[in-house]
Amino acid sequence: MHIVALIMAGGKGTRFGGDTEKPMAQFMGKPLIRRVIEATKESKRIAETYVAVTSYSPKTAQEAAEASVKVIETNGQGYHADLQQAVQDANLRCPVLIISADLPLLNGEFLDEIISKYEESGKPALTVLVPEEAFREYGLSAVSPYEHEGKMYAVSGINIIDGQRILEEQEQEVIVSSRPEAVFTVNSSKDLESAKNYLLRTKRD
């Protein structure tokens, strides 16, 4: 299956605060966007990587270009509008793995597992949800949790859609993951520190 990655990196990052574009926040010596790009390049299943940026993220656009991936500038009308525009502008008529630019612990192996589960599902779309208790386990707070089948979850920022049907509502497979690759999302400098501490702790172990 031909699949491409689309990293969404054009938001204002208002929750993050400060003047730094959130995808450019430093984590273990690299900007977040660079770590996410490297995860897609580690993947054995991803054919190409695109990064969607806006006028709010010029430094992120430059960093992505230097990482030798394709950069698409969207209008900055909001996540879903920018996603639709990026898929259409790049003419992505295949499955598209959509990834938020604020997932510092991603790696290629985890992304390949998600792609395999997508293929097995036979559905046009897939979303990865994180149980609310998984955030508490790592000392994090779930952003905008909602109820699904009687339990509280938050979106991970990882999903797959059929690019040919980008303007349609697509039936989706729901995958629940408590893996740190999905749980650690950066919305504040405290989240960055928590991810760093987790990584250092696991390396010692």
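A. Structural view of the overall build of the chain. In terms of helices and strands, the chain carries seven helices and 10 strands. At 16 Å, the chain has a C-alpha radius of gyration in line with the 17 Å of a compact globule built from 205 residues. Taking the principal axes of its C-alpha atoms as reference, the chain extends roughly 40 × 40 × 30 Å. Of the contacts formed within the chain by residues at least 6 apart in sequence, a portion of 74% connects residues at least 24 apart. If you average the places of the 23 positive and of the 30 negative side-chain charges in the chain, the two averages end up 5 Å apart.

B. Geometry of the nonpolar core. Counting residues in each nonpolar core, the largest one holds 49 residues, and the members touching the most others are Val-51, Leu-97 and Leu-106. Once residues lying within four places of it in the same chain are set aside, the contact partners of Leu-106 are Val-36, Ala-39, Ile-99, Leu-111, Ile-158 and Glu-181. Membership of the second largest hydrophobic core comes to 17 residues, among which are Leu-6, Ile-72, Leu-83 and Val-87.

C. Expanded view of the packing of helix α1 (residues 32–42) against helix α2 (residues 58–66). Taken N-terminus to C-terminus, the directions of α1 and α2 make an angle of 35 degrees; their axes are 10 Å apart at the nearest point. Every pair of crossing elements has a handedness; the one defined by α1 and α2 is right-handed. Where α1 abuts α2, its residues Ile-33, Arg-34 and Ile-37 lie against Thr-60, Glu-63, Ala-64 and Glu-66. Taken together, the residues of the contact of α1 with α2 break down into three nonpolar, one polar and three charged.

D. Spatial organisation of helix α3 (residues 79–89). Turning to α3, its buried residues number three or more, namely Asp-82, Leu-83, Gln-85, Ala-86 and Val-87. Lining the buried residues of α3 we find β1 (3–8), β4 (46–53), β5 (70–73), β6 (95–100) and β9 (151–162). In the segment just after α3, Asn-91 is the residue with positive phi, at about 55 degrees.

E. Region of interest: the environment of Tyr-153. By the secondary structure assignment, Tyr-153 is in strand β9. Those residues in contact with Tyr-153, other than ones at most four positions away along the chain, are Leu-129, Val-130, Pro-131, Glu-132, Ser-144, Pro-145, Tyr-146, His-148 and Val-176.

F. Quick look at the pairing of strand β7 (residues 125–131). The element β7 is extensively covered by neighbouring structure, given that seven of its seven residues are classed as buried. Here β7 shows a buried face lined by Ala-125, Thr-127, Leu-129 and Pro-131 and a second buried face lined by Leu-126, Val-128 and Val-130. Here β7 runs beside strand β10 (residues 172–176); their pairing, made up of five bridges, is parallel. Within the sheet, the bridge partner assigned to Leu-126 lies in β10 and is Glu-173. As paired strands, β7 and β9 are joined by five bridges and run antiparallel to one another. Looking at β9, one finds that Leu-129 is bridged to Val-155.

G. Geometry of unusual backbone geometry. You will see that Asn-91, though not glycine, has its phi angle at about 55 degrees, which is positive. Residue position: Asn-91 is located in the loop between α3 and β6. The class of Asn-91 is exposed, set by a relative accessible area of 52%.

H. Examining the pairing of β4 more closely. Counted residue by residue, β4 has six buried out of eight residues, so it is predominantly covered. As paired elements, β1 and β4 share six bridges and run parallel to each other. Its bridge partner lying in β4, Ile-3 is registered against Ile-46. As defined by bridge partners, β4 adjoins β5 across four bridges and the pair is classed as parallel. What sits directly across from Val-51, in β5, is Val-71.

About the criteria used
Note that residues are indexed from 1 along each chain, following the sequence as it is written. Residue-level local features of this predicted model are given only where pLDDT is at least 70; pairs of side-chain atoms are given and counted only at 80 or more, and the full residue set underlies all totals for whole chains, interfaces and linings. To get the side-chain values, take all heavy atoms of the structure and skip hydrogens and water. Runs of E in the DSSP output that reach at least two residues are strands. Runs of H or I that reach at least four are helices, and both are numbered from the N terminus. Radius of gyration here is computed from C-alpha atoms only, and the compact-globule reference equals 2.2 Å multiplied by the residue count raised to the power 0.38. Any two residues having at least one pair of non-hydrogen atoms within 4.5 Å are treated as being in contact. Counted charges follow a simple rule, with Lys and Arg positive, Asp and Glu negative, and His plus the chain ends left uncounted. By convention, charge coordinates are those of NZ in Lys, CZ in Arg, CG in Asp, or CD in Glu. By convention a nonpolar core is built from buried Ala, Val, Leu, Ile, Met, Phe, Trp, Tyr and Cys residues, the set being connected through side-chain atoms within 4.5 Å. Throughout this description, buried means an accessible area under 20% of the type-specific maximum (1.4 Å probe, protein chains only), exposed means over 50%, and partly exposed covers the range between. Every axis in this analysis is a line fitted to C-alpha atoms, fitted for helices over the stretch in contact. Angles between the N-to-C directions lie between 0 and 180 degrees. Here a crossing is taken to be left-handed if its near helix is turned anticlockwise relative to the far helix by less than a right angle, and right-handed if that turn runs clockwise. Each residue receives one of three labels: charged for Asp, Glu, Lys and Arg, nonpolar for Ala, Val, Leu, Ile, Met, Phe, Trp, Tyr, Cys and Pro, and polar for the others, Gly being one of them. For two strands to pair, DSSP has to find at least two bridges joining them.

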